[in-house]
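# Geometric and topological summary
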Amino acid sequence: MRTMASRVGILTGGGDCPGLNAVIRAVARRSLDRGWDVVGVREGWRGLVEGKYDAPLGYREISGLLPRGGTILGTSRTNPYKIEGGVEAVLENFAAIELQALVAIGGEDTLGVAARLHEEHALPVVGVPKTIDNDLSATDYTFGFDTAVWVCAEAIDRLHTTAESHNRVMVVEVMGRHTGWIAVMSGIAGGADVILIPEQPITVEQACRDIERRHARGKDFSIVVVSEGYELTYETGKRRRVMQSAPIDEFGHVRLGGVGEVLAKDIEERTGFETRVTVLGHVQRGGSPTPRDRVLATRYGLKAADLVHEGRFGQMAALHGDAIVDVPLKDAVAELKTVPPDWYAVAQAFFG
Ligand code: F6P
């Protein structure tokens, strides 16, 4: 008689980010060591809606994953709750693949679905917090964020030298759909002269005054970092959100991008300083994770495997200070973690 090993599935959902493969490796390694079968579900929740999954992952398949960017499982922004029969299909495929547990690696959207499926259908799922935006509550940091900040800070360093050569204002647009974590951290690290974020929208006029003050002190160039989610805000009270004309995705998000271009024009018109714009875009999400993200992803992955093994479902691995703990999934998705005023104040100390 064949005795079936317990089987855990892993899926990665939402925007990809560096460190996903490191989590997959850690979950699989620890689970395999304990005698579990490990199955990679393809393309996030779509894999469970459509029954797409890989042959079981073994030691050979997870070898070499630690430094690799992207996700070997693929990802999507599929929301089973927005598809007719989607939730039923997830539950049926979960049973058909003979899973006893699932590790969902994702941000607010992917984990929001996980939390609901656990609450409403007792799906045995644990979460791992992923997003370059770092906007998930109940954890100090998500993996992927450090790499994105590193990419942006490096770009800001490079833009400094060319800005200085040409006496230009350089506007750098970075990601951050709802929050300014990437802008604030990379701006502090790169020595930005003004940083504009969604949570604390200073006006365009104020940004121009900061730049003019700096130039009056004899600095002929400036670096301005802006989050893609910053709403252009003017002293007249007018506000303008810049987005691309794309349809809303299954989680209700518009496609952002382009605020840097409008801001650069505004700055040039108001200050008379020659201005250029750089949009860093998906470069922030690609490539190899930093050592910090590799370590964080690895610790999260081991914790998720432990939670599965202990049958502690509905929980998410989280970082509190230096410790890896677990928190209820529903707490992590209850609200966004925004940049607190004291973090923004650190950046503001160097404006102008
Ligand atoms: O949520 C992560 C993120 O990178 C956001 O910062 C950004 O707005 C969005 O994803 C971009 O998504 P897409 O990959 O669909 O262009």
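All of the points below concern the structure found in this document. (Residues numbered from 1 in each chain as written. Predicted model: local features only at pLDDT ≥ 70, side-chain atom pairs only at ≥ 80, totals over all residues. Heavy atoms only, no water.)

### Topic: the overall build of the chain
When helices and strands are counted, the chain shows 12 helices and 12 strands. Taking 2.2 N^0.38 as the reference for a compact globule, 352 residues should give roughly 20 Å; the C-alpha atoms of the chain span a radius of gyration of 22 Å, in line with that estimate. For the chain, the spread of C-alpha atoms along the three principal axes comes to 85 × 40 × 30 Å. The buried share of the chain, taken over its 352 residues, is 57%. If you take every contact in the chain between residues at least 6 apart in sequence, the share linking residues at least 24 apart comes to 76%. Mean positive and mean negative side-chain charge positions of the chain (39 and 47 charges, respectively) differ by 3 Å. (Helix = DSSP H or I, 4+ residues; strand = E, 2+ residues; numbered from the N terminus. Rg over C-alpha atoms; globule rule 2.2 N^0.38 Å. Buried < 20%, exposed > 50% of the residue type's maximum accessible area, 1.4 Å probe, protein only. Contact = heavy atoms within 4.5 Å. Lys, Arg positive; Asp, Glu negative; His and termini not counted. Charge placed at Lys NZ, Arg CZ, Asp CG, Glu CD.)

### Brief notes about the site of the ligand
All residues adjacent to the ligand are Arg77, Ile132, Asp133, Met175, Gly176, Arg177, Glu228, His282 and Arg285. Here arginine 77 contributes a side-chain N or O atom positioned 2.6 Å from an oxygen atom of the ligand. Residue histidine 282 places a side-chain N or O atom 2.9 Å away from an oxygen atom belonging to the ligand. For the shell around the ligand, the per-class residue count stands at two nonpolar, two polar and five charged. (Near = heavy atom within 4 Å. Polar contact = N/O pair within 3.5 Å; in protein donor to acceptor, adjacent residues only side chain to side chain. Nonpolar A, V, L, I, M, F, W, Y, C, P; charged D, E, K, R; others polar.)

### Topic: the packing of helix 7 (residues 181-190) against helix 12 (residues 341-348)
For the pair helix 7 and helix 12, the least separation of the axes is 9 Å and the interaxial angle reads 35 degrees. Crossing angle aside, the handedness with which helix 7 passes helix 12 is left-handed. On the side of helix 7, the interface is formed by Trp181, Val184, Met185 and Ile188, while helix 12 contributes Trp343, Tyr344, Val346 and Ala347. (Axes fitted to C-alpha atoms, helices over the stretch in contact; angles between N-to-C directions. Left-handed = near helix turned anticlockwise from the far one by under 90°.)

### Looking at the environment of glycine 286
By secondary structure assignment, the location of glycine 286 is in the loop between strand 10 (275-279) and helix 10 (291-309). With a relative accessible area of 36%, glycine 286 lands in the partly exposed category. Sequence separation of glycine 286 and aspartate 54 is 232 residues, and the distance between their C-alpha atoms is 23 Å.

### Things to note about the pairing of strand 3 (residues 101-106)
Counting buried residues in strand 3 gives six out of six residues, a clear majority hidden from the surface. Note: strand 3 against strand 4 (residues 125-129), five bridges, orientation parallel. Across the sheet, valine 103 pairs through a bridge with valine 126, a residue of strand 4. A crossover connection joins strand 3 to the parallel strand 4 through helix 5 (residues 108-121); in handedness this β-α-β unit is right-handed. (Pairing = 2+ DSSP bridges. Right-handed = clockwise from strand over helix to strand, strands pointing away.)

### Observations regarding a nonpolar patch on the surface
Among the surface-exposed residues, Tyr141, Ile188, Trp343 and Val346 lie close enough to one another that they form a single nonpolar patch of about 290 Å² accessible area. Along the chain, tyrosine 141 turns up in the loop between strand 4 and helix 6 (145-166). When its relative accessible area of 31% is taken as the criterion, tyrosine 141 is described as partly exposed. (Patch = residues over 30% accessible without salt bridge, like charges linked within 9 Å, V, L, I, M, F, W, Y side chains within 5 Å. Areas by Shrake-Rupley, 256 points an atom, 1.4 Å probe, with all protein chains shown as cover. Salt bridge = Lys/Arg side-chain N within 4 Å of Asp/Glu carboxyl O.)

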